[in-house]
There are 2 protein chains.
Amino acid sequence: MTRYDKDRAMITHEEEPFNAESPPKMLNQNFLTDNNFFFSRNHGSIPNVDETNYRLKVDGMVDTPLELSMQDLREFPKREIIAVMQCAGNRREGLMEIAEIPGETPWGAGAIGNAGWAGVSLREVLLAAGIQDGARHAAFLGLDEVEGDGGDLNYGGSIPVGKALAPETLLAYEMNDEILPIEHGFPLRIVAPGYYGARSVKWLSRITLQEQPSDNHFQVNEYKLFAPGVTAETEGSHEGLMLGEMQVNAVICTPQDGASTESGRTSVRGYAVAGGGRRVERVDVSSDDGKSWIQAELLQGVDEPWAWTFWETDLYLTLGEHRIVARAVDSSAATQPSTAAEVWNFKGYANNSWHGVRVEVG
Amino acid sequence: MTRYDKDRAMITHEEEPFNAESPPKMLNQNFLTDNNFFFSRNHGSIPNVDETNYRLKVDGMVDTPLELSMQDLREFPKREIIAVMQCAGNRREGLMEIAEIPGETPWGAGAIGNAGWAGVSLREVLLAAGIQDGARHAAFLGLDEVEGDGGDLNYGGSIPVGKALAPETLLAYEMNDEILPIEHGFPLRIVAPGYYGARSVKWLSRITLQEQPSDNHFQVNEYKLFAPGVTAETEGSHEGLMLGEMQVNAVICTPQDGASTESGRTSVRGYAVAGGGRRVERVDVSSDDGKSWIQAELLQGVDEPWAWTFWETDLYLTLGEHRIVARAVDSSAATQPSTAAEVWNFKGYANNSWHGVRVEVG
């Protein structure tokens, strides 16, 4: 076991702050990712919150500011949802092969997991506070102390008020039928399905309704998609896109990159995700770099709008080395760019280029 | 003038049914496309509807079926919206360069236009009829008689009931402050912003609320995105994706493909669109096939959620031949695939690969 009851097979990039991901081959063994296999991405020390003294503040453009204990929160109806959580830096490793991305974690394809979350509807809590006209964003603040923007601060971020009021958005206190683990935000976190994990603030202390997006360092300066010509030196002069919804993405979990297999049938399996309420409609697999494609079978997740989708297909490969690639199409008919070079950006976010593995058939 | 008061510069692919598009260089002259430059895509003869006898039926899963004259409809509040209308076959020509697509119109990049539409909120008409529980789709039927599926039928299609109830969806009777022209659906058409034009049924005769999508030939068999391995012969065994929302797309209007320019500054201008309520966030332009990019300036349309966005940048090109390409990024951070081969499908829909033009600098 590593820290925080994580399985020892986890790939730990950093102990402090704790940043660990799941090996892809473990990810598609269970539709619901075990808590002890689930990736954890942190910007600061993981706070040890005393549930008894814990209070959630709801303030800003509300009629009645609230201060809620966990007991108060548990009096709201319990809501459950299966939702995928993905770091915006998932698959950054593929971008780092194109050009260096200093100071960022080199995530493989395991900074993602799918869990059953239970808690309270954020909508119901906000309606209890009373939403004032003109409130456009729900800003969240965590209890974790992080360094950023030249000083110490708390991690924060925001989502549009429409998403905050959507039925799928939760204040979660359970994860896969367990009490929310400490490294996943105990006692309470946001779960904003269809959005990158960066907006699902952990150790949540405060929700502020406001006209503008959060001015927290991690909303304003981090988790932004910059144009390809922008670098750390020129960043200030460019706006960048605040990352919210995830993009369509497919990853091959087995075979693993570099695997050797026998000739004959090779089963290719993996996960696919879409964002913003879009669904995974199709997964294509190619063993000739996209010149021809086989349509994979979609397995679990097809009927779960906020979960990932598992997929599988068989390939019959001849002797020698092959590169197998996969790509998905979502319900808006959006698909993935072919190469990491096309989506490279200096912060290394949102790599949804075709995922490939090399296999040796002998 | 060609038929239907269209400008003679229009590119007419067919006179019967009438299918004509705008030359791209004319498209970015005006943010609102003139009615006589506006593309027209038809599957059958254009019906000459007598407004006096015209009635719109609203039936299916409603409390009170309605039959509304144009006078009845004009008693609802008048709503206006600026929205882009795009054929799902726009830019099919680029797919045909990869492999033949028999029996389909070879649209260039001009099967698109942006207009101010005025009419009645579909939502308000449906609420007047009373929506029953379980209604999931609004199916539309036109008065145009078309051939398809082995016989004569009326053109039809459907949108999800959530889109039918969205504030932007109109029953339009005016286009750019003129009475809706006959070739654009007089006296009444659907305008479903963010969706392909195929769902914005013209010469609308009937709206049916129902549990399933429309079973009309053009919903079930046409306007579907099939996987790359599917052909006309194998189609029956595959589901395909019913095309609804448009994908992010950018087109270079000037310079034109094949143009000669003098060395020095070349102004590159065009349009970009996104679908499903997403916005155009960025347009990149490259003169080295995507090895480096310049971020274009976004002009009109930035504040119009359902319109196209005009963009412009300057390039300084050396002597010789250059290929200039453009691509856009939408607010969900989705971007475009690089090559037409990647998105090729046997019906030739939804080509949003990078758009390129060749210019000779002399």
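Data block above holds the structure.
For the structure given in this document, a descriptive report is provided here. Computed from a predicted structure; not experimentally measured.

**Let's talk about the overall build of chain A**
Here is step 1: The helix and strand tally for chain A stands at seven helices and 24 strands.
Here is step 2: Taken over the C-alpha trace, chain A has a radius of gyration of 21 Å; the compact-globule value for 362 residues is 21 Å, and the two agree within 12%.
Here is step 3: For chain A, the spread of C-alpha atoms along the principal axes amounts to about 70 × 45 × 40 Å.
Here is step 4: Within chain A, the fraction of its 362 residues that count as buried is 61%.
Here is step 5: For chain A, the computed accessible surface area is about 14200 Å², with 45% contributed by carbon and sulfur atoms.
Here is step 6: Where the 30 positive side-chain charges of chain A centre and where its 53 negative ones centre are 3 Å apart.

**Regarding the packing of aromatic side chains**
Here is step 1: Going through the model one piece at a time under the given rule, you end up with 18 aromatic pairs over all chains.
Here is step 2: Residue placement shows Arg74 of chain A over the ring face of Tyr173 of chain A; its charged tip is 4.4 Å from the ring centre.
Here is step 3: Arg327 of chain B extends its terminal NZ or CZ atom over the ring of Trp293 of chain B, reaching a point 4.0 Å from the ring centre.

**Some details on the side chain of Asn216 of chain A**
Residues and elements named next belong to chain A.
Here is step 1: Within the element layout of this structure, Asn216 appears in the loop between strand S13 (204-210) and helix H6 (217-220).
Here is step 2: Classification of Asn216 by relative accessible area gives buried; the value is 8%.
Here is step 3: With residues near it in sequence (within four places) discarded, Asn216 still touches Leu141, Leu153, Asn154, Tyr155, Gly156 and Gly157.

**A short note on the pairing of strand S24 (residues 355-361) of chain A**
All names here are of chain A.
Here is step 1: Here S24 shows a clear split, with His355, Val357, Val359 and Val361 buried on one side and none of Gly356, Arg358 and Glu360 buried on the other.
Here is step 2: Pairing of strand S23 (residues 320-330) with S24 involves seven bridges; the strand directions are antiparallel. Residue pairing across strands places Gly320 opposite Val361, the latter belonging to S24.

**Describing the interface of chain A and chain B**
Here is step 1: Each partner contributes to the interface: chain A provides 30 residues, whereas chain B provides 30 residues.
Here is step 2: Taken together, the two surfaces of chain A and chain B that pack against each other cover about 2100 Å², and 58% of this comes from carbon and sulfur.
Here is step 3: Summed over the shared surface of chain A and chain B, the number is zero salt bridges.
Here is step 4: For the side of chain A that touches chain B, the secondary structure elements donating two or more residues are strand S19 (280-286), S23 and helix H7 (340-343) of chain A.
Here is step 5: For the side of chain A that touches chain B, the residue count by class is 14 nonpolar, eight polar and eight charged.

**As for the sheet that holds strand S9 (residues 151-160) of chain A**
Residue and element names in this part refer to chain A.
Here is step 1: The strand order across the open sheet built from five strands is S5-S4-S13-S8-S9, with neighbouring strands paired in mixed fashion. Unpaired on one side and paired on the other, strand S5 (66-68) and S9 mark the two borders of the sheet. The average undirected angle you get between the axes of adjacent strands in this sheet is 25°.
Here is step 2: Relative to S5, strand S4 (residues 56-60) is paired through three bridges, and the arrangement is antiparallel. From the neighbouring strand, Leu56 faces S5, where its bridge partner is Leu68.
Here is step 3: Where helix H4 (residues 122-129) meets the sheet, it contacts S4, S5, strand S8 (137-148) and S13, and its direction lies at approximately 135° from that of S5.

**Focus: a negative patch on the surface**
Here is step 1: Where like charges cluster on the molecular surface, the negative patch consists of Asp34, Glu80, Asp177 and Glu178 of chain A.
Here is step 2: In this structure, Asp177 of chain A sits in the loop between strand S10 (170-175) and strand S11 (178-179).

**Here's the deal with the pattern of salt bridges**
All names here are of chain B.
Here is step 1: On inspection of all chains with the given rule, the structure shows 32 salt bridges over all chains.
Here is step 2: Glu104 serves as the salt-bridge partner of Arg92, at 3.6 Å between the closest nitrogen and oxygen. Of the two residues, Arg92 sits in helix H3 (residues 92-96) while Glu104 sits in the loop between H3 and strand S7 (112-121), which places them 12 residues apart along the sequence. Like Glu104, Arg92 is buried.

**Structural notes on the sheet that holds strand S1 (residues 11-14) of chain A**
Residues and elements named next belong to chain A.
Here is step 1: The strand order S1-S2-S3 describes an open sheet built from three strands, whose pairing is antiparallel. Where the open sheet ends on each side, the last strands, each with one partner, are S1 and strand S3 (40-41).
Here is step 2: Strand direction decides the pairing type here: strand S2 (residues 19-21) and S3, joined by two bridges, are antiparallel. Residue pairing in the sheet places Ala20 in a bridge with Ser40 of S3.

Cut-offs and rules
- Residues numbered from 1 in each chain as written.
- Chains lettered and ligands numbered in written order.
- Predicted model: local features only at pLDDT ≥ 70, side-chain atom pairs only at ≥ 80, totals over all residues.
- Heavy atoms only, no water.
- Helix = DSSP H or I, 4+ residues; strand = E, 2+ residues; numbered from the N terminus.
- Rg over C-alpha atoms; globule rule 2.2 N^0.38 Å.
- Buried < 20%, exposed > 50% of the residue type's maximum accessible area, 1.4 Å probe, protein only.
- Areas by Shrake-Rupley, 256 points an atom, 1.4 Å probe, with all protein chains shown as cover.
- Lys, Arg positive; Asp, Glu negative; His and termini not counted.
- Charge placed at Lys NZ, Arg CZ, Asp CG, Glu CD.
- Phe/Tyr/Trp six-rings, centres within 6.5 Å; stacked < 30°, edge-to-face > 60°.
- Lys NZ or Arg CZ within 6 Å of the ring centre and 35° of its normal.
- Contact = heavy atoms within 4.5 Å.
- Pairing = 2+ DSSP bridges.
- Buried area = accessible area lost by both parts, 1.4 Å probe.
- Salt bridge = Lys/Arg side-chain N within 4 Å of Asp/Glu carboxyl O.
- Nonpolar A, V, L, I, M, F, W, Y, C, P; charged D, E, K, R; others polar.
- Axes fitted to C-alpha atoms, helices over the stretch in contact; angles between N-to-C directions.
- Patch = residues over 30% accessible without salt bridge, like charges linked within 9 Å, V, L, I, M, F, W, Y side chains within 5 Å.

Purely geometric stuff here, so don't read any function into it on its own.
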